[in-house]
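Overview (structure and organization)
If you want the building blocks of each chain, they are given just below.
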Amino acid sequence: MLEYFLLLISAVFVNNVVLAQYLGQCPYLGCSKEKGVSIGMGGAVIFVMLIATPITWLIQSLVLIPLDLGYLQTIMFILVIASLVQLVEMFLKKAIPPLYSSLGIFLPLITTNCAVLGVAILVQRNSYDLGTSVYYSFATGLGFMLALVLLASIRERMEISRLPLSMKGVPAGLVIAGIMSMSFMAFAGMI
Amino acid sequence: MLTSVLSLLALGFIAAVVLSVASRVFYVEEDPRVAAVSEALPGANCGGCGFAGCDAYAAAVIQDPSVSAGLCCAGGPDVAAKVGELSGKAAGGADPQISFRRCVKDQGKVAKKYDYQGLSSCAASAQLEDGPDACRFSCLGFGDCVKVCNFNAMYIENDLVRIDPDKCVACGACVGVCPNHILEMIPRRARVQVFCSTKDKMKDVMNVCEAGCINCGKCIKKCPATAISNPDGRIQIDQAVCLAYGPDCEEACVEACPRNILRLMCSVSSAAKAREAAAAAAAAPAQAPEQPQPTA
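Residues numbered from 1 in each chain as written. Chains lettered and ligands numbered in written order. Predicted model: local features only at pLDDT ≥ 70, side-chain atom pairs only at ≥ 80, totals over all residues. Heavy atoms only, no water.

Looking up chain B in an unreviewed UniProt entry gives the name Ion-translocating oxidoreductase complex subunit B, with the organism given as Desulfovibrio psychrotolerans. Regarding chain B, the relevant UniProt record gives this comment under Sequence similarities (unreviewed entry): "Belongs to the 4Fe4S bacterial-type ferredoxin family. RnfB subfamily." According to the UniProt record, the Function (unreviewed entry) comment for chain B is "Part of a membrane-bound complex that couples electron transfer with translocation of ions across the membrane." (UniProt positions renumbered as here; feature names shortened; annotations may be inferred.)

Chain A appears in an unreviewed UniProt entry as Ion-translocating oxidoreductase complex subunit A from Desulfovibrio psychrotolerans. UniProt's Function (unreviewed entry) comment on chain A is quoted here verbatim: "Part of a membrane-bound complex that couples electron transfer with translocation of ions across the membrane." UniProt annotates chain A under Sequence similarities (unreviewed entry) with the comment "Belongs to the NqrDE/RnfAE family."

Comments concerning unusual backbone geometry
The phi dihedral of Asp68(A) falls on the positive side, at around 60°, and the residue is not glycine. With respect to the helices, strands and loops of the structure, Asp68(A) is situated in the loop between helix H3 (35-64) and helix H4 (73-95). For Asp68(A), a relative accessible area of 63% translates into the label exposed. Although it is not a glycine, Thr226(B) sits at a positive phi angle of roughly 50°. Secondary-structure assignment places Thr226(B) in the loop between helix H9 (218-222) and strand S6 (228-229). With relative accessibility at 66%, the residue Thr226(B) sits in the exposed group. (Helix = DSSP H or I, 4+ residues; strand = E, 2+ residues; numbered from the N terminus. Buried < 20%, exposed > 50% of the residue type's maximum accessible area, 1.4 Å probe, protein only.)

Points about the UniProt feature "transmembrane region" (unreviewed entry) in chain A
Residues and elements named next belong to chain A. According to UniProt, the "transmembrane region" (unreviewed entry) feature falls on residues 6-24, 36-59, 71-92, 99-122, 134-152 and 172-190. The span residues 6-24 shows a helical share of 47% and a strand share of 0%, and its end C-alpha atoms are spaced 23 Å apart. Note that residues 172-190 is 68% helix and 0% strand, and that its end C-alpha atoms are spaced 29 Å apart.

Overview of the packing of aromatic side chains
Applying the stated rule across the entire model yields nine aromatic pairs over all chains. Plain terms: the ring middles of Phe47(A) and Phe91(A) are 6.1 Å apart, the flat faces sit at 20° to each other, and that makes the pair stacked. You can see Phe47(A) sitting in helix H3 and its partner Phe91(A) sitting in helix H4, a full 44 residues away along the chain. Given a relative accessible area of 34%, Phe91(A) falls into the partly exposed group. For the pair Phe51(B) and Tyr57(B), a centre-to-centre distance of 5.7 Å together with 35° between the ring planes defines the contact as tilted. By relative accessible area, Phe51(B) is classed as partly exposed at 27%. One aromatic cluster in this structure is built from Phe13(A), Phe184(A) and Phe187(A). (Phe/Tyr/Trp six-rings, centres within 6.5 Å; stacked < 30°, edge-to-face > 60°.)

Below is the structure:
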């Protein structure tokens with residue numbers, strides 16, 4: 001039990017996929033202007049990770065390893081993730097149209113979100129079993145969402161603050177992202 | 001080698017089957033009129049209509065009864081008519097507009113504050129004491145507006161931006177990027193316009209610009225339509241009021257302006273010029289030629 005708790009803490013805080021491993025920077029900066037959108041994006045990424053990780057795990061253990069095709073890992077995983085994103089896009093368009101329109105261009109961009117691919121590859125590197133892989137991908141997605149929501153909350157505040165003109169928008173966002181990343185380094189000694 | 005190709009093909013095939021099934025299950029029925037309107041729009045995605053792009057406008061014009069069919073400035077009247085027909089709304093949109101530069105820097109010397117050497121951008125130069133010109137309301141001439149114009153309607157000549165009236169579609173992209181706020185949208189059929197955008201007082205203007213508006217207010221007093229005012233210290237013509245009053249005033253403001261800052265717009269577009277010439281040619285035989293007024 002403690003092991004799972006530590007895995008959660010590790011994935012969300014210590015080895016946060018965005019702030020410590022620097023994966024998924026594009027949606028991190030692109031979808032963090034409003035809290036609502038960042039929660040939606042985080043949810044969509046968690047959803048894609050939760051489906052992509054077990055499928056890629058199965059492909060790895062049932063196809064790639066038995067057939068000795070380890071070198072096809074990246075291309076196979078990208079194919080699976082791209083198809084899943086298409087699926088999620090169709091699902092959101094049908095079920096939650098407001099979220100679909102607010103995510104806009106960033107939804108198809110999950111296809112190339114390296115955080116999703118990163119998790120699929122990391123679970124293979126760490127040799128997790130299927131259950132742990134799914135759990136780990138959920139925890140990583142949660143960490144992704146946390147980073148997005150935190151940055152969005154700060155940027156919403158920044159919108160109404162007095163900033164030098166040259167710092168408004170993306171420059172301020174990048175500086176805050178850097179400071180957040182440094183503050184998350186403090187978690188490094190936790191586990 | 002064969003195994004890898006086959007396994008990739010198999011995975012691709014499975015993904016294709018799953019997606020095609022999903023596309024049926026999650027099929028969302030869309031109003032076919034939205035697609036038709038999208039098709040009719042020019043696809044410039046300039047944002048001049050106030051929506052994110054052509055598709056967003058197409059959806060809004062069909063779904064929202066308050067969205068007019070004539071908002072596409074890039075498409076002009078033909079597209080407005082087509083969109084009106086498809087959406088069942090009146091095609092008449094807002095008055096066709098055009099971007100207008102309010103600076104006469106080329107007609108009188110403007111004093112320099114310093115020699116600017118830096119990024120070739122109006123926004124960057126404006127951050128250093130409002131730019132190198134001593135006038136805070138001059139055209140900086142680095143062409144930030146030219147860069148954002150998707151229709152090649154703007155160019156720089158003698159450090160001053162020029163607008164090609166035939167290419168300008170009034171998307172308004174240039175207005176937002178000008179750090180000195182000297183670009184504004186005016187109706188294409190505007191009769192008179194203020195050619196300077198200064199807010200400074202007479203003495204300050206005289207010190208920095210030979211040609212600028214000295215805010216003497218004579219035009220405000222002479223305008224019988226009360227269309228001219230200076231709400232924020234800048235002479236402004238309410239074009240709607242001016243156009244509604246019509247030519248009865250005989251452009252009293254233009255006559256009154258001692259610095260020739262208020263000028264007749266004549267016909268701003270060569271297309272409009274051609275139309276007017278054709279109309280004049282058609283009307284000429286019916287009218288008696290105007291006699292020149294005797295002068296003292």
